[in-house]
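Each chain is listed here by its residues.
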Amino acid sequence: KLNWTEYHDYTTIVLFLAELAQNYPDIVTLITIGKTHENREMYMVKISNTQTASPTKNAIIVDGGIHAREWIAPAWNTWLIHELVENYAAHPQYVDNLDWYILPVMNPDGYVYSFADDRLWRKNRNPVNGPCVGIDLNQGGAAGNGCDQTYHGPAAFSEDESANVRDAVLSVANGRTQAYLTYHSYGQYWLTPWGYTADLPEDYPQLFDLAQNAVNSLTAVYGTQYTIGSSTNVLYVASGGSDDWAKGGAGIPYSYTVELRDTGDFGFLLPADQIIPNNLEMWEAMKVVAEYVTGIV
Ligand code: 0X9
Ligand code: ZN
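Thresholds, definitions, all that
For every chain, the first residue of the written sequence is number 1, and numbering continues from 1 onward in sequence order. To label them, take the chains in the order written and letter them from A, then take the ligands in the order written and number them from 1. Under the rules for a predicted model, residues below a pLDDT of 70 receive no local features and side-chain atom pairs below 80 are neither given nor counted, while totals for whole chains, interfaces and linings still include all residues. Here, nearness means that the C-beta atom of a residue, built from backbone geometry, sits within 6 Å of the molecule or strand in question. A run of H or I in DSSP counts as a helix once it spans at least four residues, and a run of E counts as a strand once it spans at least two, with each numbered from the N terminus. Residues were grouped as follows: Ala, Val, Leu, Ile, Met, Phe, Trp, Tyr, Cys and Pro as nonpolar; Asp, Glu, Lys and Arg as charged; and all remaining residues, including Gly, as polar. As used throughout, a nonpolar core is a set of buried Ala, Val, Leu, Ile, Met, Phe, Trp, Tyr and Cys residues joined through C-beta atoms within 7 Å of each other. Our exposure labels follow a C-beta count within 10 Å of each residue's own C-beta, placed from the backbone: buried means 20 or more other C-beta atoms, exposed means 12 or fewer, and partly exposed covers the counts in between. Any two residues are considered in contact once their C-beta atoms, placed from the backbone, lie within 7 Å. Note on pairing: DSSP must find at least two bridges between two strands before they are called paired. UniProt positions are given in the numbering used here, feature names are shortened, and annotations may be inferred rather than shown by experiment. Interaxial angle, 0 to 180 degrees, is taken between N-to-C directions of lines fitted to C-alpha atoms, where a helix line uses only the stretch in contact.

### As for the site of ligand 1
Neighbouring ligand 1 are 14 residues, the closest being Asn138, His184, Gly195, Ser231 and Gly241. Listed by contribution, the elements that provide at least two residues to the shell around ligand 1 are α8 (242-248) and β8 (254-260). When grouped by side-chain class, the residues that make up the shell around ligand 1 number 3 nonpolar, 7 polar and 4 charged.

### Looking at the nonpolar core
Counting 77 residues, the largest nonpolar core has Ile47, Ile60, Trp76, Ile102 and Trp190 as its most contacted members. In this view, Ile47 contacts Ile27, Val28, Ile81, Leu84, Val85, Val95, Trp100 and Ile102; residues no more than four positions away in its chain are not counted.

### Focus on the pairing of strand β3 (residues 59-64)
With 6 of 6 residues buried, β3 is to be regarded as a mostly interior element. Pairing geometry for β3 and strand β4 (residues 99-103), over 5 bridges, is parallel. Its bridge partner lying in β4, Ile61 is registered against Tyr101. Bridge count between β3 and strand β5 (residues 177-185): 6 bridges; the pairing is parallel. Of the residues in β5, the one forming a bridge with Ile61 is Tyr180.

### Topic: the UniProt feature "active site" (unreviewed entry) in the chain
Those places that UniProt annotates as "active site" (unreviewed entry) correspond, in this numbering, to Glu259. Assignment of secondary structure puts Glu259 in strand β8. When near neighbours in sequence (up to four residues on either side) are disregarded, Glu259 contacts His184, Ser185, Tyr186, Gly187, Gln188, Tyr189 and Leu191.

### Here's the deal with the sheet that holds strand β7 (residues 227-230)
Pairing is mixed in the open sheet, where 8 strands are placed in the order β1-β2-β4-β3-β5-β8-β6-β7. Two strands in the sheet have a free side with no partner beyond their single neighbour: β1 (28-35) and β7. Strand-to-strand twist across the sheet, computed as the mean angle between neighbouring axes with direction ignored, equals 20°. Pairing analysis gives 4 bridges linking strand β6 (residues 189-192) to β7, with the strands arranged parallel.

Set out below in structure tokens:
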């Protein structure tokens, strides 16, 4: 049993996922997608009703915690899993009509390090940078200096973690995955591709429209404001983002990076008493995305 009144370490989260898979075998499957640099298992939760299973069902892929210090992202992802599964009876349509693939902690080594050693750690823990450690799993064109927080590493998908996610996404995407949401913090942004160029995708109006509807429902809960736009245009230009790859590389049409609470009062150190409000408002947005995706044929 997990709670969302505090942040949990990796071991506790994995235990929660394993228990859920055991208690809800008709809905939950725990998939191991490969190991991290430090040999930790990476877990993706498949939520799919075996009664209504179909290989052509629309799917949504969600991840979070690619940046270690952004603790609110795994806290939201685990809550989303909990809501879909343990509160299934309240809204069965979200599970019956969709397959969910949720990777709550994308960077386990970094996450563990941010609990044990350095709360503001961002990268993975691969020591390939001379005197420094870690590669930013979400950057391609950023820093070439290994000691930098956004060091891009030797090559695209050079890291175990990003290669595992690439393979997992490609194995489930196969034409039926309509949405990919990657959760970060902070800033309260709902970002569309592209992050590598100021040019917009040709279906930007549709991407914007769904984002707008989702954010409207989110804001209706507590008045929390989110800024919508392409990463390059509302944040900064940075290539190698997983959202860009999910759209351009894996062909998933509705691909977003969502930067969760807050706008900087606490930043990465978001107090734990904001986890539940953050999750309740984001759930309203998530439902809008799920409803939209359900209707796509
Ligand atoms: O810079 C990032 O990787 C993300 N922001 S964060 O503060 N959480 O580090 C934004 C990524 C946006 N997407 C792309 N640039 N493709
Ligand atoms: Zn981030």
